[in-house]
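What follows is each chain in one-letter form.
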Amino acid sequence: MVREVRTTVAIIGAGPAGLTLANLLQQRGTDCVVLDKFSRKQILERARAGLLENRTVELLDRLGLSARLHAEAAVHHGCEFRVDGESFFADYSKMYDGKPHFVYPQQEVVADLLDGFESSGGTVYYETQAAKVLQVADQPRVECTDGTVVHAEIVAGADGQYGAARASMPWDDIDEYVMQHEFRWLTLLAEAPPSSDCTVYAQHPNGFAGHLLRSSTVTRFHLQVPFDDTVEDWPDERIWSELRTRLAKPGWTLNEGPIFSKNMLEMQSKVCDPMQHGRLFLLGDAAHIITPSGGKGMNLAMADAAELDLALARFAASGDENDLAAYSAHRIPDIWKAQEFSHALLHMMHTYEPGSPDAAFRQKLQRSRLWQLRHSAAYARNFAESYIGPPLGWPYSVDAYAKAPATP
Ligand SMILES: Cc1cc2nc3c(=O)[nH]c(=O)nc-3n(C[C@H](O)[C@H](O)[C@H](O)COP(=O)(O)OP(=O)(O)OC[C@H]3O[C@@H](n4cnc5c(N)ncnc54)[C@H](O)[C@@H]3O)c2cc1C
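In the nomenclature of an unreviewed UniProt entry, the protein chain corresponds to 4-hydroxybenzoate 3-monooxygenase from the organism Mycolicibacterium agri.

Listed below in structure tokens is the structure:
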């Protein structure tokens, strides 16, 4: 089908980044459309993240799209660490001005954003896959595999790490920082009520195990597994036995139930800098990938959208190219802060290969981090700020967001 669409901002990708931007622009009165390669049903079925930073919820409050979240999300004030048969509770809210953390599945965030955008007249072109973004004399256009062409003043590439926006960037002019991690997770969703009322991180000689709430009936688990293992190496009984062993604590019982999702997760981190070229801007996973440790990916994606919305509004008012360039420059410090935190948490909780030459030394560093988290108020506050997330717009646009009234 050949279809010509004209708009101010073409947004590729109806994930958390693209839909947050769409709602912000729509509420500002800026014309935009969203394209996604999947159907509405497929988009709403994609279960991934679940930890929402405080600033992410404030952003949804401001958009007026958080009523269901506040009714249904679990509010968390701390997490538990289990190491060497001992356990301690990191009371991160207490350490960071009382701010909480929320557990609300990514697909519900996406549903609320999609409903908000469409019910206010926004257009999403479903099953419309972008093939490439072309920029000719500041006039970008998105060409799609079905013949659709979207002409826009700005293209926001929020189509993930394998999308067309990223592939259309001139990589000779952009730096990319990549790290392949030595750990691998078997990540699971089980129809089992949570066994604790908070996230539990366990470090055991067999490897890391994580217990994360998703809803009153569903729990996500992560298990560190050898690098060459496949899903077939992990039948359900082996998984439950390993979770019981690694998460063990006197008097505590693991709730078990049918496992309905089981995936191997290799971990890679990436940041591209700058996250923009000409009139093409990358957001979310299209611009950076972070390990799932600490649950930052969706939060960064939505913070990118908030910053891009601000940059576009400033540019519309001033016509000054520096206001556009500020998008990437303003986002990079926050993205590296999250990368540093995710990396530190990953190494705080994983078991190193016993044969590796520096395994014993690294394990000692790990114990020092855990010790400091427990006994140093300064270390714990920094941990809490990173875990809960810094304020929206940190470090450059905090005032701009603080002044905007939140939707009651
Ligand atoms: C197992 C797991 C657990 C995670 N846990 C957490 C967590 O607890 N907290 C957290 O914050 N993050 C977590 N993350 C990361 C988080 O899910 C991602 O960072 C987040 O989805 C990024 O949002 P996005 O909008 O950038 O991209 P996506 O959510 O990937 O959305 C991109 C959209 O673009 C569409 N698209 C792709 N290519 C094209 C194309 N060519 N044309 C048109 N459309 C296209 C896709 O269909 C998709 O809808 C987790 C990830 C995984 C895998």
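From this point on, the discussion continues.
A few words on the overall build of the protein chain. Secondary structure assignment for the protein chain yields 13 helices and 21 strands. The C-alpha radius of gyration of the protein chain comes to 22 Å, within 12% of the 22 Å expected for a compact globule of 408 residues. The burial tally for the protein chain puts 55% of its 408 residues in the buried class. Partitioning the contacts of the protein chain with sequence separation of at least 6, the portion at a separation of at least 24 is 73%. As displayed, the protein chain offers around 17200 Å² of accessible surface, 52% of which is attributable to carbon and sulfur atoms. Taking the 38 positively charged and 53 negatively charged side chains of the protein chain as two groups, their mean positions are separated by 3 Å.

Of note, Ser 342 is situated in helix H10 (residues 321-349). Given a relative accessible area of 1%, Ser 342 falls into the buried group. In contact with Ser 342, other than residues within four places in its own chain, are Ile 290, Thr 291 and Ser 293.

Another aspect to go through is the packing of helix H1 (residues 16-28) against helix H3 (residues 54-63). Following both chains from N to C, one finds H1 and H3 inclined at 35°, their axes separated by 11 Å at the closest point. When you trace H1 past H3, the crossing you get is left-handed. Residues Thr 20, Asn 23, Leu 24 and Gln 27 of H1 form the contact with H3, whose own contacting residues are Leu 59, Arg 62 and Leu 63. Split by residue class, the contact of H1 with H3 holds three nonpolar, three polar and one charged.

We now examine the site of the ligand. The full set close to the ligand counts 33 residues, and Asp 36, Arg 46, Gln 106, Asp 285 and Met 298 are the nearest of them. At 2.8 Å, a side-chain N or O of Asp 285 approaches an oxygen atom of the ligand. The contact in question runs from an oxygen atom of the ligand to an N or O atom on the backbone of Met 298, over 2.7 Å. For the ligand, the accessible surface in isolation is 1000 Å², of which the surrounding protein chains cover 92%. At the level of secondary structure, the elements contributing two or more residues to the shell around the ligand comprise H1 and helix H9 (297-318). When residues in the shell around the ligand are grouped by element, the largest group, four residues, is from H9. Split into classes, the residues belonging to the shell around the ligand amount to 13 nonpolar, twelve polar and eight charged.

The axes of two packed helices give the description: the angle between them and the distance between them. At their nearest, the axes of H1 and H9 sit 8 Å apart, and the two run at 30° to each other. Between H1 and H9, the angle falls in the class roughly parallel. As for how H1 packs across H9, the hand of that crossing is right-handed. Counted together, Pro 16, Ala 17, Thr 20, Leu 21, Leu 24, Leu 25 and Arg 28 of H1 and Met 298, Ala 301, Met 302, Ala 305, Ala 306, Leu 308, Asp 309, Leu 310, Leu 312 and Ala 313 of H9 form the full contact between these two elements.

Time to look at the pattern of salt bridges. Taken as a whole, this structure holds 31 salt bridges when the rule is applied. The closest approach of N and O atoms between Asp 146 and Arg 3, which form a salt bridge, is 3.7 Å. Here Asp 146 is found in the loop between strand E11 (139-144) and strand E12 (149-151), whereas its partner Arg 3 is found in the segment before strand E1 (4-6), with 143 residues between them in sequence. Residue Glu 242 is joined to Arg 246 by a salt bridge in which the shortest nitrogen-to-oxygen separation is 2.9 Å. On the criterion of helical spacing, the pair formed by Glu 242 and Arg 246 is a turn pair, its members being four residues apart in helix H8 (residues 236-246). Given the relative accessible area of 5%, Arg 246 is considered buried. Because the salt bridges share partners, they merge into one network encompassing Glu 53, Arg 55, Lys 296, Asp 304, Arg 331 and Asp 334.

Next up on the list: the layout of surface pockets. Computed from the structure, the second largest pocket encloses a volume of approximately 290 Å³. Surrounding the second largest pocket, 16 residues form its lining, Gln 224, Thr 351, Tyr 352, Glu 353 and Pro 354 being those nearest its centre. For the lining of the second largest pocket, the secondary structure elements donating two or more residues are strand E14 (175-190) and helix H11 (359-375). A domain split of the lining of the second largest pocket shows at least three residues from each of domain 1 (4-75 + 93-178 + 270-402) and domain 2 (181-267).

Frequently, the measure chosen for interface size is the accessible area removed from exposure when the parts meet. The domains assigned to the protein chain are domain 1 (4-75 + 93-178 + 270-402) and domain 2 (181-267). Each of domain 1 and domain 2 has a C-alpha centre, and these two points are 26 Å apart. The partner domain 2 presents 20 residues to the 24 residues of domain 1 that form the contact. A combined buried area of about 1800 Å² lies between domain 1 and domain 2, and 61% of that area is made up of carbon and sulfur atoms. It is Met 349, His 350 and Thr 351 that lose the most area in domain 1 upon contact with domain 2, and together they represent 33% of the buried surface on that side. Where domain 1 touches domain 2, the interface holds one salt bridge. Between the two partners, domain 1 and domain 2, sit nine residue pairs in polar contact (both at pLDDT 80 or more). The set of elements that each furnish at least two residues to the side of domain 1 that touches domain 2 consists of H10 and H11. For the side of domain 1 that touches domain 2, a count of residues per class yields twelve nonpolar, nine polar and three charged.

What counts as what
Residues numbered from 1 in each chain as written. Predicted model: local features only at pLDDT ≥ 70, side-chain atom pairs only at ≥ 80, totals over all residues. Heavy atoms only, no water. Helix = DSSP H or I, 4+ residues; strand = E, 2+ residues; numbered from the N terminus. Rg over C-alpha atoms; globule rule 2.2 N^0.38 Å. Buried < 20%, exposed > 50% of the residue type's maximum accessible area, 1.4 Å probe, protein only. Contact = heavy atoms within 4.5 Å. Areas by Shrake-Rupley, 256 points an atom, 1.4 Å probe, with all protein chains shown as cover. Lys, Arg positive; Asp, Glu negative; His and termini not counted. Charge placed at Lys NZ, Arg CZ, Asp CG, Glu CD. Axes fitted to C-alpha atoms, helices over the stretch in contact; angles between N-to-C directions. Left-handed = near helix turned anticlockwise from the far one by under 90°. Nonpolar A, V, L, I, M, F, W, Y, C, P; charged D, E, K, R; others polar. Near = heavy atom within 4 Å. Polar contact = N/O pair within 3.5 Å; in protein donor to acceptor, adjacent residues only side chain to side chain. Parallel < 35°, antiparallel > 145°, perpendicular 65-115°, else oblique. Salt bridge = Lys/Arg side-chain N within 4 Å of Asp/Glu carboxyl O. 1 Å grid on protein atoms, 1.4 Å probe; cavity = no way out; pocket = protein on both sides within 12 Å on 5 of 7 lines; lining within 4 Å. Points joined across faces, edges and corners; volume = space filled by probe spheres on them. Domains from an automatic or database assignment. Buried area = accessible area lost by both parts, 1.4 Å probe.

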